[in-house]
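# Per-entry structural report
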Amino acid sequence: LPDDSENFSSSLSWLASWLTDQTTSYRDAVMKGSFGDKCQSLSQGANEPRDLEKDEEEYLVTAGNGFILLAYLMKADDEVDSAGDELTTSIRQAILSQMPTDDNGYEIGITLMIKTLKAFCNFYHFSIGPLSVAIVTPVLKLIKDLENIRLKAQL
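Right, let's talk about the overall build of the protein for a bit. When its secondary structure is counted, the protein shows 6 helices and 0 strands. Secondary structure elements of the protein, listed N to C terminal, follow the sequence α-α-α-α-α-α. Looking at the protein as a whole, 35% of its 155 residues are labelled buried. Sequence-distant contacts, at least 24 apart, represent 69% of the contacts inside the protein between residues at least 6 apart. For the protein, the computed accessible surface area is about 9800 Å², with 52% contributed by carbon and sulfur atoms.

And the structure:
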């Protein structure tokens, strides 16, 4: 990491903001998608699920790749000292500060990342079939890490 932590934080904030902007056109579809979540019903969304348009698929791939990087940076290393914990917290704050909120003002950044990554995995699975395992398997692990971060943040 660079010595100038303010520039690093600023760069992370910019990247998180730019990646979030990449989700604008399809965010409604991703956020309303259940992706196998039995707790979420279609009645939660006002619209029926929809397929992504061709240009939205390109934005999904861009955002998915970027969110993979951000998710990796947000992961806590179980073997770090307290300075490492502070750095992880700082990284998370820089990233999540640029994420959108819902209509009620609640932060939805981690949920947006999780659902975008699930859509990203689905896109790769249906686009390239069995070869997608090379991409999908590590991303699914990152999704689990993000779900753990979200759970800890709710406590």
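This next bit is on helix 6 (residues 133-154). Taking 1.5 Å as the rise per residue, helix 6 with 22 residues should run 32 Å; its terminal C-alpha atoms sit 31 Å apart, in good agreement. When helix 6 is considered as a whole, its buried residues turn out to be Val-136, Val-139, Leu-142, Ile-143, Asp-145, Leu-146 and Ile-149.

Mapped onto the fold, Thr-88 is located in helix 4 (residues 82-96). Among residues more than four places away in sequence, those in contact with Thr-88 are Met-74, Lys-75 and Ala-76.

Judged by nonpolar contacts, the single largest core of 35 residues is most densely connected at Phe-67, Leu-70, Met-74, Ile-95, Met-99, Met-113 and Leu-146. With 9 residues, helix 5 (residues 109-128) is the largest single contributor of residues to this core. Ignoring any residue separated from it by four or fewer positions in sequence, one finds Met-99 in contact with Ala-16, Thr-20, Phe-67, Leu-70, Gly-109 and Met-113.

A separate point is the side chain of Ser-132. With respect to the helices, strands and loops of the structure, Ser-132 is situated in the loop between helix 5 and helix 6. Judged by relative accessible area, Ser-132 falls into the buried class, the value being 4%. Once residues lying within four places of it in the same chain are set aside, the contact partners of Ser-132 are Tyr-124 and His-125.

On to the packing of helix 5 against helix 6. Close contact between helix 5 and helix 6 brings their axes to 10 Å; oriented N to C, the two are set at 165°. What the angle tells us is that helix 5 and helix 6 run roughly antiparallel. As helix 5 packs across helix 6, the resulting crossing turns out to be left-handed. Note on element contacts: helix 6 touches helix 5 through Ile-135, Val-136, Val-139, Leu-140, Ile-143, Leu-146, Glu-147, Ile-149 and Arg-150, opposite Ile-110, Thr-111, Met-113, Ile-114, Leu-117, Lys-118, Phe-120, Cys-121, Tyr-124 and Ile-128. Along the lines of polarity and charge, the residues of the contact of helix 5 with helix 6 split into 15 nonpolar, 1 polar and 3 charged.

Since one α-helical turn is 3.6 residues long, residues separated by three or four positions face the same way. Between its terminal C-alpha atoms helix 5 stretches 28 Å, which fits the 28 Å expected from 20 residues at 1.5 Å a residue. Buried within helix 5 we find Gly-109, Ile-110, Leu-112, Met-113, Ile-114, Lys-115, Thr-116, Leu-117, Ala-119, Phe-120, Cys-121 and Tyr-124. A positive backbone phi angle near 65° is found at Gly-129, which sits one or two residues after helix 5.

Each value, and the rule that gives it
- Throughout this document, residue positions are counted from 1 along each chain, in the order its sequence is written.
- Selection of residues for local features in this predicted model requires a pLDDT of at least 70, selection of side-chain atom pairs for listing and counting requires 80 or more, and totals for whole chains, interfaces and linings are taken over all residues.
- To get the side-chain values, all heavy atoms of the structure are used, and hydrogens and water are removed first.
- A run of H or I in DSSP becomes a helix once it reaches four residues, and a run of E becomes a strand once it reaches two; helices and strands are each numbered from the N terminus.
- Buried residues are those whose accessible area, probed at 1.4 Å on protein chains only, stays under 20% of the maximum for their type, while exposed residues exceed 50% and partly exposed ones sit between those limits.
- Contacts: residue pairs with any heavy atoms within 4.5 Å of one another.
- All accessible areas in this document rest on Shrake-Rupley with a 1.4 Å probe, and a residue is counted as covered only by the protein chains that are shown.
- Under the convention used throughout, the expected extent of a helix is 1.5 Å for every residue step, that is, one less than its residue count.
- Among buried residues, those of type Ala, Val, Leu, Ile, Met, Phe, Trp, Tyr and Cys that are joined through side-chain atoms within 4.5 Å constitute a nonpolar core.
- Interaxial angles span 0 to 180 degrees and are taken between N-to-C directions of axes, which are lines fitted to C-alpha atoms, for helices over the stretch in contact.
- In these notes the angle categories are as follows: under 35 degrees is roughly parallel, over 145 is roughly antiparallel, 65 to 115 is roughly perpendicular, and the rest is oblique.
- Two helices that cross are described as forming a left-handed crossing if the nearer one is turned anticlockwise from the farther one by less than a right angle, and a right-handed crossing if clockwise.
- Gly counts as polar in this scheme, as do all residues outside two lists: the nonpolar Ala, Val, Leu, Ile, Met, Phe, Trp, Tyr, Cys and Pro, and the charged Asp, Glu, Lys and Arg.

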